[in-house]
Amino acid sequence: MNDKADSDVEARTNFLQEMISEDIKKRRFNRSIRTRFPPEPNGYLHIGHAKAICLDFDLANEFDGTCNLRFDDTNPDTEDKAYVEGIINDLKWLGYEPEIICYASDYFDQLYAWAELLINDGLAYVDDQSSAQISEQRGGFGKPGVESPFRTRHSEENLKLFRQMRDGAFPEGHCVLRARIDMQHDNMQLRDPVMYRIRHASHYRTGDHWCIYPTYDWAHGQGDAIEGITHSLCTLEFSDNRDLYSWFLGKLPLSDQAPYQTEFARLELTHTVTSKRKLRDLIDNGVVSGWDDPRLPTLRALKKRGYPASSVRSFCKDIGAARTNSRHAIELLESYVRVKLNSVSQRRMAILKPVKLTITNWPDDENGDPLVEWREVINNPENELDGVRLVPFSGTLYIEEDDFKVNPPPKFFRLTPGAEVRLRSGYFITCNDYVENSSGELQEIYCTYDPDTAGGKAPDNRKVKATLHWVSAEHAVTGAVSLYDRLFTAEIPGEATGDVMDDLNHQSVETLSN
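Below is a summary of the structure that appears in this document.

A look at the nonpolar core
Next, step 1: Of all hydrophobic cores here, the largest spans 46 residues; its most connected members are Leu 16, Ile 47, Ile 53, Leu 94, Val 312 and Phe 315.
Next, step 2: For this core, the element with the most residues is helix H2 (residues 47–62), which contributes nine residues.
Next, step 3: In this structure, Val 126, Leu 161, Phe 162 and Ile 198 belong to the second largest nonpolar core, which totals 34 residues.

Side note on helix H4 (residues 108–120)
Next, step 1: Between its first and last C-alpha, H4 extends 18 Å over 13 residues, near the 18 Å set by a 1.5 Å rise per residue.
Next, step 2: Of the residues flanking the end of H4, it is Gly 122, one or two places downstream, whose phi is positive at about 75°.

A word on the sheet that holds strand S7 (residues 212–214)
Next, step 1: The antiparallel open sheet is built from four strands, whose spatial order is S4-S5-S6-S7. The sheet is open, and its two borders are formed by strand S4 (124–127) and S7, each paired with just one other strand. When the angles between neighbouring strand axes are averaged without regard to direction, this sheet yields 20°.
Next, step 2: Two elements, strand S6 (residues 194–198) and S7, share three bridges in a ladder whose sense is antiparallel. Across the sheet, residue Arg 197 finds its bridge partner in S7, namely Tyr 213.

What to know about the sheet that holds strand S16 (residues 420–423)
Next, step 1: An order of S19-S16-S17-S18-S12-S15-S20 is seen for the seven strands of this open sheet, with the pairing classed as mixed. Each end of this open sheet is capped by a strand with a single partner; those strands are strand S19 (467–468) and strand S20 (471–472).
Next, step 2: Bridge count between strand S17 (residues 428–436) and strand S18 (residues 442–450): eight bridges; the pairing is antiparallel. What sits directly across from Phe 428, in S18, is Asp 450.

Regarding the pattern of salt bridges
Next, step 1: Scanning the entire structure with this criterion turns up 30 salt bridges.
Next, step 2: Of the charged contacts in the structure, one is a salt bridge between Asp 106 and Arg 205, with a shortest N-O distance of 2.9 Å. Of this pair, Asp 106 sits in the loop between strand S3 (101–103) and H4 while Arg 205 sits in the loop between S6 and S7, placing them 99 residues apart in sequence.
Next, step 3: A relative accessible area of 40% places Asp 106 in the partly exposed class.

Analysis parameters
- Residues numbered from 1 in each chain as written.
- Predicted model: local features only at pLDDT ≥ 70, side-chain atom pairs only at ≥ 80, totals over all residues.
- Heavy atoms only, no water.
- Core = buried A, V, L, I, M, F, W, Y, C linked by side-chain atoms within 4.5 Å.
- Buried < 20%, exposed > 50% of the residue type's maximum accessible area, 1.4 Å probe, protein only.
- Helix = DSSP H or I, 4+ residues; strand = E, 2+ residues; numbered from the N terminus.
- Expected span 1.5 Å × (residues − 1).
- Pairing = 2+ DSSP bridges.
- Axes fitted to C-alpha atoms, helices over the stretch in contact; angles between N-to-C directions.
- Salt bridge = Lys/Arg side-chain N within 4 Å of Asp/Glu carboxyl O.

Next comes the structure, spelled out in structure tokens:
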């Protein structure tokens, strides 16, 4: 990485660290640093979550603090225990262990009690309007809000109605509880936001105990306060929610200093979507096989594809925490994967599109059968501690079809008629002939070998420009290999048409069986 890139990374990663350092210096909190990662259990984690996880946990570790895993389980219609278990496993795979695992549903009783407190203080009211009416009356930028006709209800009536909501007296959509803040506020989030809505649905943890459920905005900050969170780190789309976060906390009798929210840019990659809704559409429409399909950016998919968790962590650490959104090239993530795999992976030779290669001057053994030699092959050229293995070499091999050309293009240095190449850890060979079928398809290649080049080195130090991998035809085992391309052809899926389905790469996976 060049000096400019180094300085860019440093600049992107510093603002959160500097903020926490300054808070510690000024003794803003009378407790240790504590962060939290708060996923909603309505799907599995993806690469964007990985960035948030690394920030939450690494910042806590850097400042001798702790990080909680808290499930934002306030919507019984979409959440499931299977997602909870999957998220816990994904977090463990990524290499992090939370201080505690908790749930927004742990705090339903306390949230309800605080809602009644706001009602009694005249800061919340029950609104009988439909969601469409409420949305319309909120107005917009430069468009004034319209106060609900139920906004002036007396606290006693609001409390009675709210308790009836809790007891199941009303159908879904009949009414909601809203905070009474300011319908003319420039920040749309403060125009009397909804705190509770009616859901006659069974919750995966609380069962049928509740039929009203808190919204994210009502549960989020209060959950942070209950857990003693110091720094609530969110992505930039929640920046307008910060004032509401602080307003709620300021109206409650919190005995300790309230946490505060800070935003950073979310992670976006080219040729990728990270919206859980769009990922679910891909699954439901049969485009991919499930949340762990290796073409997806979910952590379980990356794991299945063979990505080391450490390379994902390194990638997230080095892109840092920016204050403005940007999109990173998918090739950057892949480069971290290659670097890691190159350092730890033992090599094996496999032929995906085999063509037979016969060495015409290969000798027989003492029994008159074709000789089999066991060649010593290095397991990992980047780590000598991985040692060597013995690989059978015979007079009939398979090489890749693409490694041979009858009429080669310019700068093609692999095998061609009359050319000499090296077989990895084997011998130098020269092509003397080949056979094609009536359709012009290559059937077999005939070569001679130089017995003085064992191990791929010539005594006269002559050079060849290509080294080919191979397998002995007699000893080869069959298998299937799936080759994955980009799931989307467009760099930013859906940008041109508004529909990511229009940018699907229908050739994104190919399975080869031999």
